[in-house]
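A structural walkthrough
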Amino acid sequence: MTKDYYKQYEPVFGTWRITKPIGEGCFSKVFEIQRLDFGLVYKAALKAITIPQDPAQVRHMLDQGQDEAQVRSYFLGLVQEMVKKFILAYKLKDHPNIVNYENYQVMEHKNGIGWDILIQMELLTPLNRYLRQQILSRQEVIKLGIDLCKALELCWIHNIVHRDIKPGNIFVSKYGDFKLGDFDTAQVLDRSSSSTSSGSTVRGTYDYMAPEVYRGEKYGFSADLYSLGLVLYQLLNDNRLPFLPAAPAPFTYVD
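Note that the structure is a prediction, hence the values are computed from the model and not measured. Within any chain, residue numbers begin from 1 and follow the written order of that chain's sequence. Totals for whole chains, interfaces and linings use all residues, but because this is a predicted model, local features are given only for residues with pLDDT of at least 70 and pairs of side-chain atoms are given and counted only at 80 or more. Side-chain numbers here rest on the full set of heavy atoms in the structure, without hydrogens or water.

Re the layout of surface pockets
Space inside the largest pocket adds up to approximately 810 Å³. Elements supplying a minimum of two residues to the lining of the largest pocket: strand S1 (17–24), strand S3 (40–51) and helix H4 (127–133). Polar here means any residue outside two lists: the nonpolar Ala, Val, Leu, Ile, Met, Phe, Trp, Tyr, Cys and Pro, and the charged Asp, Glu, Lys and Arg; Gly therefore counts as polar. Here the lining of the largest pocket is composed, by residue class, of 15 nonpolar, nine polar and 10 charged. Cavity: a set of points on a 1 Å grid over the protein atoms alone where a 1.4 Å probe fits but cannot get out. Pocket: an open set with protein on both sides within 12 Å along at least five of seven lines, its lining residues, like those of a cavity, having an atom within 4 Å of a point. Grid points are joined across faces, edges and corners, and a volume is the space filled by probe spheres set on the points. A run of H or I in DSSP becomes a helix once it reaches four residues, and a run of E becomes a strand once it reaches two; helices and strands are each numbered from the N terminus.

Next up, the structure:
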């Protein structure tokens, strides 16, 4: 969906207007939003998610023999799951090393089966974009590691495992602090065992995934530490992950 599509909801949350796209993920788009108050311009980020992403998904399920009520129930379940993820992130609000999630709104499509989810967040620079402009010093990489460990410490207090720590989910504030964001794949662990059951759904990004997660085995908070370790390794190794030829040698799909 484009910026113009989501403009139908302006003013978003009563006062905000969409100004420009600033990023996108597998399931969402992120826009800069602004509001004017007593001559001052305030900025924030808007994460927009449409479920289902493609009307063809609805047609496919109908073609498989499900009726409209069943299809609607299926996608509504996805919407409810996304709202739960927002609530998880909102619990961690105001920590200096976690992206602030401020507000959300769910709108059901007037025609057909579908929903739009709008989430207001603080406006930050994604680490991937930040790295295109400058190389982090060794001291900055160490600070990133400390900042992310502080973020994970709070997650673990709430029994939350993030499950997708990677450069694309790390952000930089205007003061140079590093923040953990995007809790779309986060999961609350069993409080009694502090681990998932084996065979749980594999979620995350393969390049940064702990082996036990990849294999569908039991895993706990240490899976996030493994992923953070790979991020730090990459930042100190000419942007090259382990198990690949050393930079600047090229690598292939087989590698």
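Next comes the rest of the account.
Things to note about helix H3 (residues 68–91)
Multiplying one less than the number of residues by 1.5 Å gives the expected span of a helix. Over its 24 residues, H3 extends 35 Å from the first C-alpha to the last, a length consistent with the 34 Å expected when each residue adds 1.5 Å. Note on exposure labels: buried denotes an accessible area under 20% of the residue type's maximum, exposed denotes more than 50%, and partly exposed covers the range between, all computed with a 1.4 Å probe on protein chains only. For H3, every residue scored as buried is listed here: Val-71, Phe-75, Val-79, Met-82, Val-83, Lys-85, Phe-86, Leu-88 and Ala-89. Where H3 is buried, its residues touch S3, helix H2 (55–63), strand S4 (101–108), strand S5 (115–121), strand S7 (160–161) and strand S10 (187–188). In protein, a polar contact requires one atom able to donate a hydrogen and another able to accept it; more generally it is a pair of N or O atoms within 3.5 Å, and residues adjacent in sequence count only if both atoms are side-chain atoms. The residue sitting at the N-terminus of H3 and contributing the capping side-chain oxygen is Asp-67; that oxygen lies 3.2 Å from the backbone nitrogen of Ala-69. Here a residue-residue contact requires only that any non-hydrogen atoms of the pair lie within 4.5 Å.

A short note on unusual backbone geometry
If a residue is not glycine, its phi is most likely negative; likewise, a peptide bond is most likely trans. The omega torsion across Glu-10 and Pro-11 is -10 degrees, close enough to zero to call that bond cis. Of note, Pro-11 is situated in the loop between helix H1 (3–6) and S1. For the peptide bond that leads from Ile-51 to Pro-52, omega is -5 degrees, which places it in the cis range. Within the secondary structure, Pro-52 sits in the loop between S3 and H2. Unlike most non-glycine residues, Arg-163 shows phi in positive territory, near 75 degrees. Judged by relative accessible area, which is 12%, Arg-163 ranks as buried. Despite not being glycine, Asn-239 shows a phi value in the positive range, around 65 degrees.

Quick look at the sheet that holds S4
Only strands joined by at least two bridges in the DSSP assignment are considered to pair. Read across the sheet, five strands follow the order S1-S2-S3-S5-S4 without closing on themselves; strand pairing throughout is antiparallel. At either margin of the open sheet sits one strand with a lone partner, and together these are S1 and S4. Averaged over all adjacent pairs, the angle separating strand axes in this sheet is 25 degrees, with direction ignored. As paired elements, S4 and S5 share seven bridges and run antiparallel to each other. Opposite Gln-105, over in S5, you have Leu-118 as the bridge partner. Fitted lines through C-alpha atoms give the axes, limited to the stretch in contact for helices. The angle between two N-to-C directions lies from 0 to 180 degrees. Across the sheet, H3 touches S3, S4 and S5, and the angle it forms with S4 is around 170 degrees.

A few points about the environment of Gly-112
Along the chain, the position of Gly-112 falls in the loop between S4 and S5. In this structure, the C-alpha to C-alpha distance between Gly-112 and Lys-47, residues 65 residues apart in sequence, is 22 Å.

Some details on the packing of H2 against H3
In the contact formed by H2 and H3, the axes pass within 10 Å of each other and the chain directions differ by 135 degrees. Between H2 and H3, the angle is such that the two are oblique. For H2 against H3, the interelement crossing comes out right-handed. On the side of H2, the interface is formed by Gln-57, Val-58, Met-61 and Leu-62, while H3 contributes Glu-68, Val-71, Tyr-74 and Phe-75. Across the contact of H2 with H3, the residue classes tally to six nonpolar, one polar and one charged. The labels follow the angle: roughly parallel below 35 degrees, roughly antiparallel above 145, roughly perpendicular from 65 to 115, and oblique for the rest. The handedness criterion is simple: a crossing whose near helix is rotated anticlockwise from the far helix by less than a right angle is left-handed, and one whose near helix is rotated clockwise is right-handed.

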